[in-house]
Amino acid sequence: MKHIQDIISFIRDSFQTKEFIPLHEPRFRGNEKKYLIDTIDSTFVSSVGAYVDRFEEMMETITGTQKAVAVVNGTAAIQVALRLAGVNSGDEVITQALTFIATANAIVYNGAIPVFVDVDLDTMGLSPNALNNFLEEHAELRENGCYNKTTGRKIAACLPMHTFGFPVHLDELIEVCKKWNIAIVEDAAESLGSKYKGKHTGSFGKLGTFSFNGNKTVTCGGGGAIVTNDTVLGEKGKYLTTTAKKPHPYEFYHDELGYNYRMPNLNAALACAQLEQLDSMLENKRELANLYSNFFNEKGIIFRTELPNTKANYWLMCVELKDKNEREQFLKEMNSNKIMSRPIWQLMFRLPMYATCQRDEQVNAQFLEDRIVNIPSSVR
Ligand SMILES: *Cc1c(COP(=O)(O)O)cnc(C)c1O
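Residues numbered from 1 in each chain as written. Predicted model: local features only at pLDDT ≥ 70, side-chain atom pairs only at ≥ 80, totals over all residues. Heavy atoms only, no water.

K.L.:
So what exactly am I meant to see when it comes to the overall build of the protein chain here?
P.N.:
Per the secondary structure count, the protein chain includes 12 helices and 16 strands. At 21 Å, the protein chain has a C-alpha radius of gyration in line with the 21 Å of a compact globule built from 380 residues. Considering only C-alpha atoms, the protein chain reaches an extent of 65 × 60 × 35 Å along its principal axes. Out of the 380 residues in the protein chain, the part that is buried amounts to 56%. Relative to all contacts within the protein chain whose residues are 6 or more apart in sequence, the contacts with residues 24 or more apart total 70%. Put simply, the protein chain shows about 16400 Å² of open surface, and 50% of that area lies on carbon and sulfur atoms. Taken as two groups, the 41 positive and 46 negative side-chain charges of the protein chain have centres that lie 3 Å from each other. (Helix = DSSP H or I, 4+ residues; strand = E, 2+ residues; numbered from the N terminus. Rg over C-alpha atoms; globule rule 2.2 N^0.38 Å. Buried < 20%, exposed > 50% of the residue type's maximum accessible area, 1.4 Å probe, protein only. Contact = heavy atoms within 4.5 Å. Areas by Shrake-Rupley, 256 points an atom, 1.4 Å probe, with all protein chains shown as cover. Lys, Arg positive; Asp, Glu negative; His and termini not counted. Charge placed at Lys NZ, Arg CZ, Asp CG, Glu CD.)

K.L.:
Help me understand the packing of helix α6 (residues 128-138) against helix α7 (residues 170-179), please; the structure alone is not making it clear to me.
P.N.:
Packed helices, taken two at a time, are described by the angle their axes make and the gap between the axes. Look at α6 against α7: their axes get within 9 Å of each other, and the N-to-C directions meet at 15 degrees. Classed by the angle they form, the pair α6 and α7 counts as roughly parallel. For the pair α6 and α7, the sense of crossing is left-handed. Note on element contacts: α7 touches α6 through E172, L173, V176, C177 and K179, opposite P128, L131, N132, L135 and E136. Split by residue class, the contact of α6 with α7 holds 6 nonpolar, 1 polar and 3 charged. (Axes fitted to C-alpha atoms, helices over the stretch in contact; angles between N-to-C directions. Parallel < 35°, antiparallel > 145°, perpendicular 65-115°, else oblique. Left-handed = near helix turned anticlockwise from the far one by under 90°. Nonpolar A, V, L, I, M, F, W, Y, C, P; charged D, E, K, R; others polar.)

K.L.:
In this structure, what is going on with the UniProt feature "modified residue: N6-(pyridoxal phosphate)lysine" (unreviewed entry) in the protein chain? I would like to understand it.
P.N.:
Taken from the UniProt record, the annotation "modified residue: N6-(pyridoxal phosphate)lysine" (unreviewed entry) applies to K216. Checked against the element boundaries, K216 lands in the loop between β10 (207-211) and β11 (224-228). Overall, K216 belongs to the buried group, its relative accessible area being 10%. Beyond its immediate sequence surroundings of up to four residues, K216 is in contact with H24, A189, E190, S211 and W315. (UniProt positions renumbered as here; feature names shortened; annotations may be inferred.)

K.L.:
Even after reading the chapter, I still don't get the domain arrangement of the protein chain, so can you show me in this structure?
P.N.:
Frequently, the measure chosen for interface size is the accessible area removed from exposure when the parts meet. We note that the domain assignment places domain 1 (4-26 + 278-350 + 357-375) and domain 2 (32-276) within the protein chain. Domain 1 and domain 2 are separated by 26 Å when their C-alpha centres are compared. Contacts between the two partners involve 37 residues from domain 1, matched on the other side by 49 residues from domain 2. Contact between domain 1 and domain 2 buries roughly 3600 Å² in total, counting both sides, with carbon and sulfur atoms accounting for 65%. For the pair domain 1 and domain 2, the interface holds 0 salt bridges. (Domains from an automatic or database assignment. Buried area = accessible area lost by both parts, 1.4 Å probe. Salt bridge = Lys/Arg side-chain N within 4 Å of Asp/Glu carboxyl O.)

K.L.:
Explain the pairing of strand β14 (residues 317-320) here, please?
P.N.:
Side chains of β14 alternate between two faces, with M317 and V319 and C318 and E320 buried alike. Sheet topology note: the strand β12 (residues 302-303)/β14 ladder contains 2 bridges and is antiparallel. Looking across to β14, one finds that I302 is bridged to E320. In the sheet, β14 pairs with strand β16 (residues 372-375) via 4 bridges, with the strands oriented antiparallel. In the sheet register, E320 faces β16, and the bridge partner there is I372. (Pairing = 2+ DSSP bridges.)

K.L.:
What exactly am I supposed to notice about helix α4 (residues 74-84) here?
P.N.:
In an α-helix, one turn spans 3.6 residues; hence positions three or four apart end up facing the same way. Of all 11 residues in α4, 9 are buried, a share of seventy percent or more. Those residues of α4 that sit buried are G74, A76, A77, I78, Q79, V80, A81, L82 and L84. With a side-chain oxygen lying 3.1 Å from the backbone nitrogen of T75, the N-terminal cap of α4 falls on N73. (Polar contact = N/O pair within 3.5 Å; in protein donor to acceptor, adjacent residues only side chain to side chain.)

K.L.:
Teacher, can you tell me more about the site of the ligand here?
P.N.:
Lining the immediate environment of the ligand, one finds 16 residues, of which G74, T75, E190, S211 and K216 sit closest. Note that an oxygen atom of the ligand is positioned 2.8 Å from one of the backbone N or O atoms of G74. Within the contact set of the ligand, an oxygen atom lies 2.5 Å away from a side-chain nitrogen or oxygen of T75. For the ligand, whose unbound accessible area comes to 390 Å², protein coverage reaches 92%. Mapped onto the shell around the ligand, the elements with two or more residues apiece are α4 and α5 (101-109). With 3 residues, α4 is the largest single contributor of residues to the shell around the ligand. (Near = heavy atom within 4 Å.)

K.L.:
Looking at this structure, I do not really get the sheet that holds β14. What am I missing?
P.N.:
Pairing between sheet strands relies on hydrogen bonds along the backbone, with the strands arranged either parallel or antiparallel. Pairing is antiparallel in the open sheet, where 4 strands are placed in the order β12-β14-β16-β15. What marks the edges here is a single partner per strand, and that holds for β12 and β15 (342-343). Of the strands in this sheet, β12, β14 and β16 are in contact with helix α10 (residues 278-299), which crosses β14 at around 15 degrees. With respect to the sheet, helix α11 (residues 324-336) is in contact with β14, β15 and β16, its orientation differing from that of β16 by roughly 20 degrees.

K.L.:
Mind showing me how you'd approach the sheet that holds strand β7 (residues 183-187) here?
P.N.:
Here 7 strands make up an open sheet; going across it, the order is β1-β11-β10-β7-β6-β2-β3 and the pairing mixed. Single-partner strands in this sheet number two, and they are β1 (67-71) and β3 (113-117). The mean inter-strand angle of the sheet, taken between neighbouring strand axes irrespective of direction, is 25 degrees. Bridge analysis of strand β6 (residues 155-159) against β7 gives 2 bridges, and the strand direction is parallel.

As structure tokens, then:
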């Protein structure tokens, strides 16, 4: 592939190392150690503690939402958010096939069935147009919601994912879902810090979810959050993820099936220290994105940048190559030169668990599947 040596040199120069360059590594440059020691000294290392409360408050401030609930990981956050949105066993949830496995798995954990609708080429996230076309063809509105005429099942929610931190076309998506009376839950796992028309991703739907896994922009080892502007749903989320126990000084009484999905205070301490640095991390990543953008522009290679009216967090940065063949060459060259590069995910319907799920033509998803690769994106 043309320019490959230049690309390798450029990335090496950008990260100033001759060693292996990972895709995304965590950086701990703030109060991480201090807060962790504080947690241990307090003995509150487990499922309750001051850092859990503080983390939830910080997430409310950052996302501009009424209520944040700390949970054990991003997958659990999606699972519970869908349940809170009214998804029941046997319902359908519409999502994109171009996503990380957790999005689809969380649907199935509720006994629900994923339906895959295409993405937009520009956002790489769920396409409002494709969604509307799908619904026009397959759905009908009944008194208590939207139903799939082909399967007879209720379409209880729509779960868009903001791929690599690039927000989907939210205004249009909200309009389509409103028309069809479908609740939106945003999988904002990858988009902490990303905004759409000045508002934080995850705050548009009925609920939104985040991940703080080791490879995300901000990490706490493992963790997740549910956010919502519906305080009743928010309180319910806290209740369900903490075993659904009725408050009492000593009695154990649980009045419905809850989960132990609590984020330990140890992890929350790490999360608080990391969130304090969110703005500087975003700025740092944006600088790298600008460098990449100028460099790849000169080489005639498409580097994905944020769309008008949006602010991307540049979680994982990516280039769009000419075809699958060029993609293979690129991946081989980069990885054999100790620069980590990965293709975008294989589409969900290629996996055995999801092969029989209903889906549309997936023209854009397949186009992107063949061409998008991630390149090193860590804070430097
Ligand atoms: C990271 C991620 C999640 C959640 O991951 P956890 O490891 O469970 O925190 C969910 N959806 C997407 C799209 C992700 O990238």
